[in-house]
Amino acid sequence: MDLSAKNKWILLIFSAAAGFINGFLGGGGGVIAVALLLSVLKLHQKYAQATALLVVLPLTAVSAAVYIFKDSVDWIPTLWTTLGVVVGGIVGALALNRLKGNVAKLIFALVLIAGGVKMFF
Amino acid sequence: MQTFLLILFGFLAGIMGGMGMGGGTLLVPLLSFLQLPQRTIQGANLISFLPMCCVALGFHAKNKLLAPQHIGWLIAPAIVMSVAGALAANAADNDILRYCYAAFLLAVGLWQLVVAVRFELRRKAQLPRSDAKGTDNSPQPPRS
(Lines give C-alpha, C1' and ligand atoms only; values in the text may rest on other atoms or scores of the structure.)
Protein backbone atom coordinates (compact mmCIF):
# COMPACT_ATOMS: atom_id res chain seq x y z
CA MET A 1 0.00 0.00 0.00
CA ASP A 2 1.31 3.44 -0.93
CA LEU A 3 0.66 6.48 1.18
CA SER A 4 -0.77 9.58 -0.48
CA ALA A 5 0.76 12.96 0.38
CA LYS A 6 -2.43 13.91 2.17
CA ASN A 7 -2.30 10.80 4.33
CA LYS A 8 1.34 11.49 5.17
CA TRP A 9 0.39 14.95 6.44
CA ILE A 10 -2.49 13.53 8.45
CA LEU A 11 -0.13 10.99 10.04
CA LEU A 12 2.53 13.63 10.76
CA ILE A 13 0.16 16.13 12.37
CA PHE A 14 -1.92 13.73 14.43
CA SER A 15 1.01 11.64 15.60
CA ALA A 16 2.82 14.83 16.65
CA ALA A 17 -0.28 15.64 18.73
CA ALA A 18 -0.30 12.08 20.10
CA GLY A 19 3.36 12.42 21.07
CA PHE A 20 2.79 15.71 22.87
CA ILE A 21 -0.20 14.33 24.76
CA ASN A 22 1.71 11.17 25.67
CA GLY A 23 4.51 13.24 27.18
CA PHE A 24 2.37 15.96 28.76
CA LEU A 25 -0.26 13.66 30.27
CA GLY A 26 2.00 10.64 30.76
CA GLY A 27 -0.10 8.43 28.52
CA GLY A 28 -2.98 8.40 26.10
CA GLY A 29 -0.94 8.46 22.91
CA GLY A 30 -1.94 4.89 22.18
CA VAL A 31 -5.61 5.74 21.74
CA ILE A 32 -4.74 8.23 19.00
CA ALA A 33 -2.22 5.82 17.43
CA VAL A 34 -4.91 3.11 17.21
CA ALA A 35 -7.29 5.55 15.54
CA LEU A 36 -4.66 6.56 12.97
CA LEU A 37 -3.75 2.95 12.20
CA LEU A 38 -7.44 2.12 11.74
CA SER A 39 -8.47 5.11 9.68
CA VAL A 40 -5.37 6.07 7.65
CA LEU A 41 -3.42 2.83 7.33
CA LYS A 42 -6.66 0.79 7.21
CA LEU A 43 -5.51 -1.89 9.62
CA HIS A 44 -8.05 -4.22 11.14
CA GLN A 45 -8.87 -3.61 14.80
CA LYS A 46 -6.66 -6.33 16.29
CA TYR A 47 -3.67 -5.42 14.13
CA ALA A 48 -4.15 -1.73 14.90
CA GLN A 49 -4.21 -2.37 18.64
CA ALA A 50 -1.10 -4.55 18.55
CA THR A 51 0.84 -2.28 16.20
CA ALA A 52 -0.06 0.80 18.27
CA LEU A 53 2.09 -0.63 21.06
CA LEU A 54 5.03 -0.57 18.68
CA VAL A 55 4.36 3.12 17.96
CA VAL A 56 3.92 4.13 21.59
CA LEU A 57 6.93 2.25 23.00
CA PRO A 58 9.63 4.67 21.76
CA LEU A 59 7.61 7.78 22.72
CA THR A 60 7.01 6.45 26.18
CA ALA A 61 10.68 5.56 26.61
CA VAL A 62 11.67 9.11 25.68
CA SER A 63 9.01 10.75 27.88
CA ALA A 64 9.89 8.47 30.80
CA ALA A 65 13.54 9.45 30.45
CA VAL A 66 12.57 13.13 30.73
CA TYR A 67 10.46 12.43 33.86
CA ILE A 68 13.35 10.50 35.43
CA PHE A 69 15.85 13.20 34.48
CA LYS A 70 13.58 15.87 36.01
CA ASP A 71 13.26 13.79 39.19
CA SER A 72 9.47 13.45 38.84
CA VAL A 73 9.37 9.70 39.48
CA ASP A 74 8.39 8.33 42.90
CA TRP A 75 9.96 4.88 42.64
CA ILE A 76 8.15 2.91 45.37
CA PRO A 77 4.58 3.32 44.05
CA THR A 78 5.93 3.16 40.50
CA LEU A 79 7.52 -0.25 41.00
CA TRP A 80 4.44 -1.79 42.67
CA THR A 81 2.25 -0.48 39.89
CA THR A 82 4.68 -1.84 37.31
CA LEU A 83 4.45 -5.31 38.85
CA GLY A 84 0.66 -5.28 38.42
CA VAL A 85 0.81 -3.81 34.94
CA VAL A 86 3.25 -6.45 33.65
CA VAL A 87 1.12 -9.35 34.91
CA GLY A 88 -2.04 -7.70 33.58
CA GLY A 89 -0.31 -6.99 30.29
CA ILE A 90 0.41 -10.67 29.75
CA VAL A 91 -3.25 -11.53 30.41
CA GLY A 92 -4.41 -8.78 28.06
CA ALA A 93 -2.02 -9.74 25.27
CA LEU A 94 -3.18 -13.36 25.44
CA ALA A 95 -6.82 -12.22 25.43
CA LEU A 96 -6.43 -9.95 22.39
CA ASN A 97 -5.82 -12.87 20.09
CA ARG A 98 -9.25 -14.19 21.07
CA LEU A 99 -11.08 -10.89 21.32
CA LYS A 100 -14.10 -10.39 19.15
CA GLY A 101 -16.94 -7.97 18.97
CA ASN A 102 -17.40 -4.50 20.23
CA VAL A 103 -18.33 -4.97 23.87
CA ALA A 104 -14.85 -4.29 25.27
CA LYS A 105 -14.76 -0.96 23.46
CA LEU A 106 -18.14 0.08 24.85
CA ILE A 107 -17.10 -0.80 28.40
CA PHE A 108 -13.80 0.99 27.89
CA ALA A 109 -15.56 4.17 26.70
CA LEU A 110 -17.84 4.20 29.74
CA VAL A 111 -14.91 3.63 32.13
CA LEU A 112 -13.03 6.53 30.56
CA ILE A 113 -15.99 8.88 30.90
CA ALA A 114 -16.41 7.86 34.54
CA GLY A 115 -12.68 8.40 35.11
CA GLY A 116 -12.82 11.83 33.48
CA VAL A 117 -15.76 12.93 35.61
CA LYS A 118 -14.06 11.60 38.76
CA MET A 119 -10.83 13.45 38.04
CA PHE A 120 -12.57 16.80 37.75
CA PHE A 121 -13.58 16.57 41.42
CA MET B 1 -3.35 -1.54 51.57
CA GLN B 2 -1.87 1.11 49.34
CA THR B 3 0.60 -1.45 47.97
CA PHE B 4 -2.21 -3.91 47.26
CA LEU B 5 -4.23 -1.24 45.44
CA LEU B 6 -1.19 -0.17 43.40
CA ILE B 7 -0.71 -3.76 42.22
CA LEU B 8 -4.46 -4.30 41.63
CA PHE B 9 -4.93 -1.08 39.65
CA GLY B 10 -1.77 -1.87 37.70
CA PHE B 11 -3.13 -5.33 36.91
CA LEU B 12 -6.49 -4.01 35.67
CA ALA B 13 -4.89 -1.34 33.52
CA GLY B 14 -2.28 -3.83 32.31
CA ILE B 15 -5.01 -6.05 30.85
CA MET B 16 -6.26 -3.13 28.76
CA GLY B 17 -2.71 -2.11 27.92
CA GLY B 18 -1.72 -5.57 26.76
CA MET B 19 -4.69 -5.55 24.41
CA GLY B 20 -3.48 -2.20 23.04
CA MET B 21 -6.57 -0.39 24.23
CA GLY B 22 -4.86 2.30 26.24
CA GLY B 23 -3.99 0.84 29.60
CA GLY B 24 -2.41 4.13 30.60
CA THR B 25 -5.62 5.91 29.86
CA LEU B 26 -7.18 3.72 32.54
CA LEU B 27 -4.30 3.58 35.04
CA VAL B 28 -4.12 7.34 35.60
CA PRO B 29 -7.72 7.78 36.83
CA LEU B 30 -7.41 4.61 38.94
CA LEU B 31 -4.24 5.84 40.63
CA SER B 32 -5.82 9.23 41.22
CA PHE B 33 -7.94 7.50 43.91
CA LEU B 34 -4.75 7.05 45.95
CA GLN B 35 -4.04 10.75 46.58
CA LEU B 36 -0.74 10.74 44.73
CA PRO B 37 0.41 13.92 42.98
CA GLN B 38 -0.64 13.94 39.35
CA ARG B 39 2.94 14.07 38.06
CA THR B 40 3.90 11.04 40.19
CA ILE B 41 0.97 9.16 38.67
CA GLN B 42 2.00 10.12 35.16
CA GLY B 43 5.59 9.07 35.78
CA ALA B 44 4.41 5.72 37.18
CA ASN B 45 2.19 5.27 34.15
CA LEU B 46 5.00 5.93 31.69
CA ILE B 47 7.51 3.68 33.42
CA SER B 48 5.15 0.79 34.13
CA PHE B 49 4.12 0.79 30.49
CA LEU B 50 7.65 0.04 29.23
CA PRO B 51 8.19 -3.57 30.40
CA MET B 52 4.50 -4.43 29.84
CA CYS B 53 4.73 -3.15 26.29
CA CYS B 54 7.84 -5.24 25.53
CA VAL B 55 6.18 -8.40 26.86
CA ALA B 56 2.91 -7.71 25.00
CA LEU B 57 4.79 -6.98 21.77
CA GLY B 58 6.51 -10.36 22.09
CA PHE B 59 3.10 -12.07 22.21
CA HIS B 60 1.71 -9.99 19.34
CA ALA B 61 4.77 -10.72 17.20
CA LYS B 62 4.31 -14.43 17.84
CA ASN B 63 0.63 -14.18 16.94
CA LYS B 64 1.57 -12.18 13.80
CA LEU B 65 -0.56 -9.20 14.78
CA LEU B 66 2.06 -6.53 14.02
CA ALA B 67 1.81 -4.55 10.77
CA PRO B 68 4.76 -2.15 10.97
CA GLN B 69 4.63 -0.86 7.39
CA HIS B 70 4.58 2.99 7.29
CA ILE B 71 4.64 3.44 11.05
CA GLY B 72 7.79 5.55 10.79
CA TRP B 73 5.46 8.37 9.73
CA LEU B 74 3.81 8.14 13.13
CA ILE B 75 6.84 7.46 15.29
CA ALA B 76 9.19 10.21 14.08
CA PRO B 77 6.99 13.27 14.76
CA ALA B 78 5.55 11.69 17.89
CA ILE B 79 8.98 11.18 19.47
CA VAL B 80 9.96 14.81 18.96
CA MET B 81 6.71 16.10 20.41
CA SER B 82 6.75 13.65 23.32
CA VAL B 83 9.97 15.28 24.56
CA ALA B 84 8.28 18.69 24.34
CA GLY B 85 5.22 17.31 26.11
CA ALA B 86 7.26 15.74 28.90
CA LEU B 87 9.21 18.97 29.45
CA ALA B 88 5.94 20.94 29.55
CA ALA B 89 4.51 18.46 32.07
CA ASN B 90 7.50 18.93 34.33
CA ALA B 91 7.04 22.69 34.26
CA ALA B 92 3.26 22.58 34.83
CA ASP B 93 1.23 22.64 38.03
CA ASN B 94 -0.19 19.29 39.25
CA ASP B 95 -3.76 20.63 39.22
CA ILE B 96 -3.42 21.85 35.65
CA LEU B 97 -2.17 18.41 34.61
CA ARG B 98 -5.08 16.74 36.38
CA TYR B 99 -7.69 18.96 34.71
CA CYS B 100 -6.08 18.47 31.31
CA TYR B 101 -6.09 14.72 31.86
CA ALA B 102 -9.73 14.76 32.92
CA ALA B 103 -10.69 16.73 29.82
CA PHE B 104 -8.69 14.31 27.65
CA LEU B 105 -10.42 11.29 29.21
CA LEU B 106 -13.87 12.75 28.68
CA ALA B 107 -13.06 13.60 25.07
CA VAL B 108 -11.65 10.14 24.30
CA GLY B 109 -14.43 8.39 26.22
CA LEU B 110 -17.20 10.22 24.36
CA TRP B 111 -15.43 9.70 21.04
CA GLN B 112 -14.96 5.97 21.64
CA LEU B 113 -18.58 5.69 22.76
CA VAL B 114 -19.77 7.26 19.51
CA VAL B 115 -17.49 4.97 17.48
CA ALA B 116 -18.65 1.85 19.33
CA VAL B 117 -22.36 2.73 19.14
CA ARG B 118 -22.13 3.58 15.44
CA PHE B 119 -20.33 0.29 14.77
CA GLU B 120 -23.02 -1.57 16.67
CA LEU B 121 -25.83 0.15 14.74
CA ARG B 122 -24.18 -0.54 11.40
CA ARG B 123 -23.66 -4.19 12.34
CA LYS B 124 -27.33 -4.53 13.31
CA ALA B 125 -28.39 -2.92 10.03
CA GLN B 126 -26.25 -5.39 8.07
CA LEU B 127 -27.30 -8.45 10.02
CA PRO B 128 -29.99 -9.82 7.66
CA ARG B 129 -27.51 -9.97 4.75
CA SER B 130 -24.28 -11.15 6.36
CA ASP B 131 -24.05 -14.54 7.99
CA ALA B 132 -20.81 -15.21 9.85
CA LYS B 133 -19.37 -11.69 9.67
CA GLY B 134 -18.10 -10.33 12.97
CA THR B 135 -18.02 -13.71 14.65
CA ASP B 136 -15.40 -15.07 12.28
CA ASN B 137 -12.23 -15.69 14.25
CA SER B 138 -10.14 -17.16 11.43
CA PRO B 139 -6.90 -15.42 10.35
CA GLN B 140 -7.48 -12.31 8.29
CA PRO B 141 -5.11 -10.01 6.40
CA PRO B 142 -3.84 -7.05 8.43
CA ARG B 143 -5.41 -4.51 6.10
CA SER B 144 -8.93 -4.17 4.75
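About the criteria used
Residues numbered from 1 in each chain as written. Chains lettered and ligands numbered in written order. Predicted model: local features only at pLDDT ≥ 70, side-chain atom pairs only at ≥ 80, totals over all residues. Helix = DSSP H or I, 4+ residues; strand = E, 2+ residues; numbered from the N terminus. Buried ≥ 20, exposed ≤ 12 C-beta atoms within 10 Å, placed from the backbone. Contact = placed C-beta atoms within 7 Å. Domains from an automatic or database assignment. Nonpolar A, V, L, I, M, F, W, Y, C, P; charged D, E, K, R; others polar. pLDDT = per-residue confidence, 0-100.

Focus: the overall build of chain A
Working step 1: Counting its regular elements, chain A contains 5 helices and 0 strands.
Working step 2: Element order for chain A, N to C, with α for helix and β for strand: α-α-α-α-α.
Working step 3: By its C-alpha atoms, chain A is 45 × 35 × 30 Å across when sized along the principal axes.
Working step 4: For chain A, the residues scored as buried account for 51% of the 121 residues in total.
Working step 5: Long-range contacts, defined here as pairs at least 24 residues apart, represent 39% of the contacts in chain A between residues at least 6 apart.

Considering unusual backbone geometry
Working step 1: Located in the positive-phi region is Asp71 of chain A, a residue other than glycine, with phi close to 60 degrees.
Working step 2: Relative to the helices and strands, Asp71 of chain A is located in the loop between helix H3 (45-69) and helix H4 (75-96).
Working step 3: Of note, the phi angle at Gln35 of chain B is positive, near 60 degrees, even though the residue is not glycine.
Working step 4: Topologically, Gln35 of chain B is positioned in the loop between helix H2 (23-31) and helix H3 (38-62).
Working step 5: A tally of 7 C-beta atoms within 10 Å means that Gln35 of chain B is categorised as exposed.

Comments concerning the environment of Leu34 of chain B
Residues and elements named next belong to chain B.
Working step 1: Assignment of secondary structure puts Leu34 in the loop between H2 and H3.
Working step 2: Take Leu34: there are 15 C-beta atoms within 10 Å of it, and that puts it in the partly exposed class.
Working step 3: Between the C-alpha atom of Leu34 and that of Ile71, which follows or precedes it by 37 residues, the distance is 36 Å.
Working step 4: Once residues within four sequence positions are removed from consideration, Leu34 is found in contact with Gln2 and Leu5.

So, the domain arrangement of chain A
Working step 1: In terms of domain boundaries, chain A breaks down into domain 1 (1-72) and domain 2 (74-121).
Working step 2: Once you take the C-alpha centre of each, domain 1 of chain A and domain 2 of chain A turn out to be 18 Å apart.

Overview of the interface of chain B and chain A
Many analyses report the size of an interface as the accessible area lost when the parts associate.
Working step 1: Each partner contributes to the interface: chain B provides 92 residues, whereas chain A provides 89 residues.
Working step 2: Broken down by secondary-structure element, the contributors of at least two residues to the side of chain B that touches chain A are helix H1 (2-18), H2, H3, helix H4 (72-91) and helix H5 (94-126) of chain B.
Working step 3: Of the residues forming the side of chain B that touches chain A, the biggest block, 19 residues, is contributed by H3 of chain B.
Working step 4: Its residues assigned to classes, the side of chain B that touches chain A shows 59 nonpolar, 29 polar and 4 charged.

Topic: the confidence of the model for chain B
Residues and elements named next belong to chain B.
Working step 1: Scored by pLDDT, chain B comes out at a mean of 86, with 89% of its residues at no less than 70.
Working step 2: Within chain B, the lowest mean pLDDT, 84, falls on H2, and the highest, 96, falls on H4.
Working step 3: Note that residues 130-136 has pLDDT below 50 and, in this model, 3 contacts with residues that lie over four places away or in other chains.
Working step 4: Interface scoring of the predicted complex returns ipTM 0.87; its pTM is 0.85.

As for the confidence of the model for chain A
Working step 1: Considering every residue of chain A, the mean pLDDT works out to 89; 93% of them sit at 70 or more.
Working step 2: Mean pLDDT across the elements of chain A ranges from a minimum in helix H5 (residues 103-120) of chain A, with 80, to a maximum in helix H1 (residues 5-24) of chain A, with 95.

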